[in-house]
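Each chain is listed here by its residues.
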Amino acid sequence: MPQWLSNQLMRAFYKKDLRQIKLLNDCWFFYHKAPGVEFDANNG
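About the thresholds
- Residues numbered from 1 in each chain as written.
- Predicted model: local features only at pLDDT ≥ 70, side-chain atom pairs only at ≥ 80, totals over all residues.
- Heavy atoms only, no water.
- Helix = DSSP H or I, 4+ residues; strand = E, 2+ residues; numbered from the N terminus.
- Buried < 20%, exposed > 50% of the residue type's maximum accessible area, 1.4 Å probe, protein only.
- Areas by Shrake-Rupley, 256 points an atom, 1.4 Å probe, with all protein chains shown as cover.
- Expected span 1.5 Å × (residues − 1).
- Contact = heavy atoms within 4.5 Å.
- Core = buried A, V, L, I, M, F, W, Y, C linked by side-chain atoms within 4.5 Å.
- Arc of directions from axis to C-beta.

An unreviewed UniProt entry lists the chain under the name Cortex morphogenetic protein CmpA, from Paenibacillus farraposensis.

Below you can see the structure in the form of structure tokens.
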């Protein structure tokens, strides 16, 4: 997971912003399943 996304998710959980959490979760799944995007567990 990219560091910027991880930071935003942590901030959203801290603020209990459910709308932002859902949006970022959708972004992660879209990014993770995008064709041509290599997923590297070490570099996210």
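Let's talk about the overall build of the chain
Counting its secondary structure elements, the chain contains two helices and zero strands. The buried share among the 44 residues of the chain stands at 20%. Roughly 3,900 Å² of accessible area belongs to the chain as shown, and the carbon and sulfur atoms make up 58% of that amount.

Quick look at helix H1 (residues 3–15)
For H1, spanning 13 residues, the distance from its first C-alpha to its last is 18 Å, which sits close to the expected 18 Å at 1.5 Å a residue. Check the buried side of H1 and you find it contacts helix H2 (18–33). Directly beyond the C-terminal end of H1, a positive phi value near 55 degrees is found at Lys16.

Points about the nonpolar core
If you look at the biggest cluster of nonpolar residues, it comprises six residues: Leu5, Leu9, Ala12, Ile21, Leu24 and Trp28. For this core, the secondary structure elements donating two or more residues are H1 and H2. Here Leu24 is in contact with Leu5, Gln8, Leu9 and Ala12, once residues within four sequence places are set aside.

Thoughts on H2
Compared with an ideal rise of 1.5 Å per residue, which puts 16 residues at 22 Å, H2 spans 23 Å between its outermost C-alpha atoms and is within 8% of the ideal. Among all positions of H2, only Ile21, Leu24 and Trp28 are buried. The arc enclosing the buried residues of H2, seen along the axis, measures out at 70 degrees, which places them on a common side. Among the exposed residues of H2, those pointing more than 90 degrees away from its buried face are Arg19, Lys22, Asp26, Phe30 and Lys33. Taken together, the buried residues of H2 touch H1.

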